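An overview of the molecular structure
Each chain is listed here by its residues.
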Amino acid sequence: MKPVDQSLQSSIRTIPDYPKAGILFRDITTLLGDPRAFRRAVDELVHPWAGSKIDKVAGIEARGFILGGAVAHQLSAGFVPIRKRGKLPHDTVRIAYSLEYGLDEMEMHRDAIAPGERTILVDDLIATGGTAEAAVKLIQGIGAEVVAAIFVIDLPDLGGAKRIEALGVPVRTLVAFEGH
Ligand code: AMP
């Protein structure tokens, strides 16, 4: 693995059995709190699109907001929040998606992204890809283009990145953790 990945990987803290037994929670607050790691992660995430025209960066609540704001600034793009149902004040588009147990819904302001706008989707981590797939469909549903989906962390054993690539959306991740 490349040195950049190792230094980023070691800046991420793992909390066993959070939020419940058997889960290894990959905590990026330690990466965000490390000035060099935070800058490095954002620089590496945007690298393929430096200098190209990106209209919007859409971040998934809540950790995707922190990374997405920095990514949008770096690309001189606008930032769009994708939130849990009921949090956005204006007219929204909504999509349901399945979690481990049951369904959840996410929303985006209907006028946040115009048809045809080139958009990058951001979150901290991709696991099964269910959350990111719903967000891709929400953005594509209003006629915008999802140029890429980018994540600091991939859990490759759960197949999320492949699931998003199967939708025709390129995926960029920086570090991978085996298992789940
Ligand atoms: P998924 O829809 O399965 O790809 O799950 C991705 C979402 O759940 C992201 O918003 C992640 O922040 C969160 N998530 C899933 N698994 C973990 C994990 N092991 N550690 C930290 N966050 C996780």
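The following refers to the structure shown. (Residues numbered from 1 in each chain as written. Predicted model: local features only at pLDDT ≥ 70, side-chain atom pairs only at ≥ 80, totals over all residues. Heavy atoms only, no water.)

1. Focus: the packing of aromatic side chains
What counts is decided by this rule: Working definition: rings of Phe, Tyr and Trp (its six-membered ring) pair if their centres are within 6.5 Å, and the pair is stacked with planes under 30 degrees apart, edge-to-face with planes over 60 apart, and tilted otherwise. Accessibility here uses a 1.4 Å probe with only protein chains present; expressed as a share of the type maximum, an area under 20% marks a residue as buried, one over 50% as exposed, and anything in between as partly exposed.
Summed over all chains, the structure comprises two aromatic pairs. Note on Tyr 18 and Phe 25: the rings are 5.2 Å apart at their centroids and 85 degrees apart in plane angle, and the pair reads as edge-to-face. Judged by its relative accessible area of 46%, Tyr 18 is partly exposed. Relative to Phe 79, the ring of Phe 65 lies with its centre 6.0 Å away and its plane at 80 degrees, an arrangement referred to as edge-to-face.

2. A look at the site of the ligand
Threshold: We call a residue near a molecule or strand whenever a single non-hydrogen atom of that residue lies within 4 Å of it. As used in this structure description, the phrase polar contact means that two N or O atoms lie within 3.5 Å; if the pair is within protein, one of them must be able to donate a hydrogen and the other to accept it, and residues adjacent in sequence are counted only when both atoms belong to side chains. Computed with a 1.4 Å probe, the accessible areas rest on the Shrake-Rupley method; for each residue, only the protein chains presented here act as cover. In DSSP terms, a helix is any run of H or I states spanning at least four residues, a strand is any run of E spanning at least two, and both are numbered starting from the N terminus. Here the term charged refers only to Asp, Glu, Lys and Arg, the term nonpolar to Ala, Val, Leu, Ile, Met, Phe, Trp, Tyr, Cys and Pro, and the term polar to all other amino acids, Gly among them.
Residues in close proximity to the ligand total 14 residues, the closest being Arg 63, Asp 124, Thr 128, Gly 129 and Thr 131. At 3.0 Å, a backbone N or O of Leu 24 approaches a nitrogen atom of the ligand. For the ligand, an oxygen atom lies 2.9 Å from a polar atom in the backbone of Ala 127. Burial of the ligand by the protein amounts to 80% of the accessible area it has alone, namely 490 Å². For the shell around the ligand, the secondary-structure elements that each account for two or more residues are β2 (24-27), β7 (118-126) and α5 (130-141). At four residues, β7 tops the list of elements feeding residues into the shell around the ligand. When grouped by side-chain class, the residues that make up the shell around the ligand number six nonpolar, four polar and four charged.

3. Observations concerning the packing of helix α3 (residues 35-46) against helix α4 (residues 63-75)
Definition in use: Here, axes are lines fitted to C-alpha atoms. For helices the fit covers the stretch in contact, and angles between N-to-C directions go from 0 to 180 degrees. Working definition: roughly parallel below 35 degrees, roughly antiparallel above 145 degrees, roughly perpendicular at 65 to 115 degrees, and oblique for all remaining angles. In this scheme the handedness of a crossing depends on how the near helix is turned from the far one: anticlockwise by less than a right angle means left-handed, clockwise means right-handed. The criterion used for residue contact is that any of the two residues' heavy atoms lie within 4.5 Å.
The N-to-C vectors of α3 and α4 enclose an angle of 60 degrees; their axes lie 10 Å apart at closest approach. By the angle between their directions, the pair α3 and α4 is classed as oblique. In this structure, α3 meets α4 at a crossing whose hand is right-handed. Between α3 and α4, the contacting residues are Phe 38, Val 42, Asp 43, Leu 45 and Val 46 on the first element and Ile 66, Leu 67, Ala 70, Val 71, Gln 74 and Leu 75 on the second.

4. Focus: the pattern of salt bridges
The following threshold applies: Here a salt bridge means any side-chain nitrogen of Lys or Arg lying within 4 Å of a carboxyl oxygen belonging to Asp or Glu.
Going through the model one piece at a time under the given rule, you end up with 12 salt bridges. Among the ionic pairs, Arg 172 bridges to Glu 44, the shortest N-O distance being 3.7 Å. Here Glu 44 lies in helix α3 and Arg 172 lies in strand β9 (residues 171-176), a separation of 128 residues in the sequence. Note that Glu 117 and Lys 56 form a salt bridge whose closest N and O atoms lie 2.8 Å from each other. Of this pair, Glu 117 sits in the loop between β6 (103-109) and β7 while Lys 56 sits in strand β3 (residues 56-60); the two residues are 61 residues apart in sequence, bridging distant segments of the chain. Judged by its relative accessible area of 19%, Glu 117 falls in the buried class. The class for Lys 56 is buried, based on a relative accessible area of 17%. Where salt bridges share partners, they join Glu 133, Lys 137 and Arg 163 into one cluster.

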